[in-house]
Each structure stands twice: as C-alpha cells, then as structure tokens.
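Architecture and fold: a report
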Amino acid sequence: MAKPGFHQRLQALSLRQQQGFMAALTERMLPNYALYADTSGHGDISGMRVILDLVWEQLTVKDARIDFDRQAEKLAELEPPADDDSFGARRALDAVVALSAILDTMRGDAPDAVLEVSRVSRAAVRGFIELTEGEDDAERLAQMVKTHPLMEDENDFQDAALEEAEAEPSKKQMKVLKNLGRNGGVSNLGLTLD
C-alpha cells in the first residue's frame, strides 16, 4: 500500500492541525514582510505580528474569543500598495495572503487554505531562485529550482512542519510549531532582518 503523499497528508489533518501548519509557514514568511516594510516604508510589521499572535492565541488558549472578521479588515490595510510590483512587495504580499488564508479558516469554510499556503511559500522560494540565478533556459531553470539549497530547505521545512502538525494538536505542540516557524528569524528565502 502506497504511503499517502504530502498533499493527501495535509488534507487529512484536522482543521486545528492545518491551522498550526499554516501559521508555522506564515511565521517563516514574516521576515520577508518586515524587510519590505523596513526598506519601502509601506506596511506595518507590528500589525502583522499582532494578527499572527492572535492566531497562535486562538490555537493555544482554550475559549479564546477573537473577532477574526475585524482582524481580516485590519489585515487588508496591511497589504503592499497595488501599484508596487517590486519583488519585495510580492513577497510581502505572500505573507499577507498566507495570513489571510488562516483567517478564512478561523472565520468559516476554507477547505483548500492549507494547500494554498503551502503553494504560496514554495512559489516565493521559486521566484527568489529565478530572480537570483538569472537562468534563461526554462528546463535548466526548472532543474536548478528543484535542486537549489533554498528549495531543498523549503521542502524539508514543510515536511518537518507537517510532521509536527500531525501530532496531537495540544497547546504544547502549537508552541513547537510556532518555534519551528520562527526559524531563528530566517525567512523561507534565507533572509533575516539582522
């Protein structure tokens, strides 16, 4: 019998486990947003931090009562300007999209949110590799992306986050996922604020 693949395992998680997985990936994308806000003057990293912390609170505090409709409104105000098509703005938007997907699950039905957040994180890494490697041949570039250390790190990270998320979704386990996502302050692109 074949072992279920990554996506099947993600979809088999309980909603709370999926939320923990998504929050860990979002946590790891947050430094990209912070760098964009720092260099462009657009965005508010503390606002992003507050909303993500409320997600973690919902996942760790029994009976936490948080108005996620209001948080979604606040999050919409933190998006990079629509006319900014810079690489930094796109990576900052990835963090907003990922956090928005989690809020959608907190507010109701968003069955594919966990797959979306996984894809967004991988696509960001792929975009960064394409930007930095400057390879014009599509086949060579695709092969380079697949074997690039950043993509290997991204795949390893998502595998590790999935394994942690598959454990009992206890308060302690959510803290493990949060710590994993913090990744020592290094983003999925290998960037840090320091």
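Before any of the text, the structure's been laid out above.
What comes next is a walk through the structure. Being a predicted model, the structure only gives us computed values, none of them experimental. (Residues numbered from 1 in each chain as written. Predicted model: local features only at pLDDT ≥ 70, side-chain atom pairs only at ≥ 80, totals over all residues. Heavy atoms only, no water.)

**Things to note about a negative patch on the surface**
Residues Glu-152, Asp-156, Asp-159 and Glu-163 make up a contiguous surface patch of negative charge. Residue placement: Glu-152 occurs in helix α8 (residues 149–166). According to the relative accessible area criterion, Glu-152 is partly exposed, its value standing at 40%. (Patch = residues over 30% accessible without salt bridge, like charges linked within 9 Å, V, L, I, M, F, W, Y side chains within 5 Å. Areas by Shrake-Rupley, 256 points an atom, 1.4 Å probe, with all protein chains shown as cover. Salt bridge = Lys/Arg side-chain N within 4 Å of Asp/Glu carboxyl O. Lys, Arg positive; Asp, Glu negative; His and termini not counted. Charge placed at Lys NZ, Arg CZ, Asp CG, Glu CD. Helix = DSSP H or I, 4+ residues; strand = E, 2+ residues; numbered from the N terminus. Buried < 20%, exposed > 50% of the residue type's maximum accessible area, 1.4 Å probe, protein only.)

**A few points about the side chain of Gln-18**
Assignment of secondary structure puts Gln-18 in helix α2 (residues 15–40). A relative accessible area of 8% means that Gln-18 is categorised as buried. Beyond its immediate sequence surroundings of up to four residues, Gln-18 is in contact with Leu-10, Gln-11, Leu-13 and Val-114. (Contact = heavy atoms within 4.5 Å.)

**Re the packing of helix α5 (residues 87–107) against helix α6 (residues 113–133)**
Angle between the axes and distance between the axes are the two parameters that describe a pair of packed helices. Where α5 meets α6, the closest approach of the two axes is 9 Å, and the angle between their N-to-C directions is 170°. Here α5 is positioned roughly antiparallel relative to α6, judged by the angle of their axes. Of α6, the residues touching α5 (which contributes Phe-87, Arg-91, Asp-94, Val-97, Ala-98, Ala-101 and Thr-105) are Ala-113, Glu-116, Val-117, Val-120, Ala-124, Gly-127, Phe-128 and Leu-131. Along the lines of polarity and charge, the residues of the contact of α5 with α6 split into ten nonpolar, two polar and three charged. (Axes fitted to C-alpha atoms, helices over the stretch in contact; angles between N-to-C directions. Parallel < 35°, antiparallel > 145°, perpendicular 65-115°, else oblique. Nonpolar A, V, L, I, M, F, W, Y, C, P; charged D, E, K, R; others polar.)

**Details of the pattern of salt bridges**
Scanning the entire structure with this criterion turns up 13 salt bridges. Taking the shortest distance from any N to any O, the salt bridge between Glu-166 and Arg-9 comes out at 2.8 Å. Of this pair, Glu-166 sits in helix α8 while Arg-9 sits in helix α1 (residues 6–12), and the two are 157 residues apart along the sequence. Among the ionic pairs, Asp-104 bridges to Arg-107, the shortest N-O distance being 3.6 Å.

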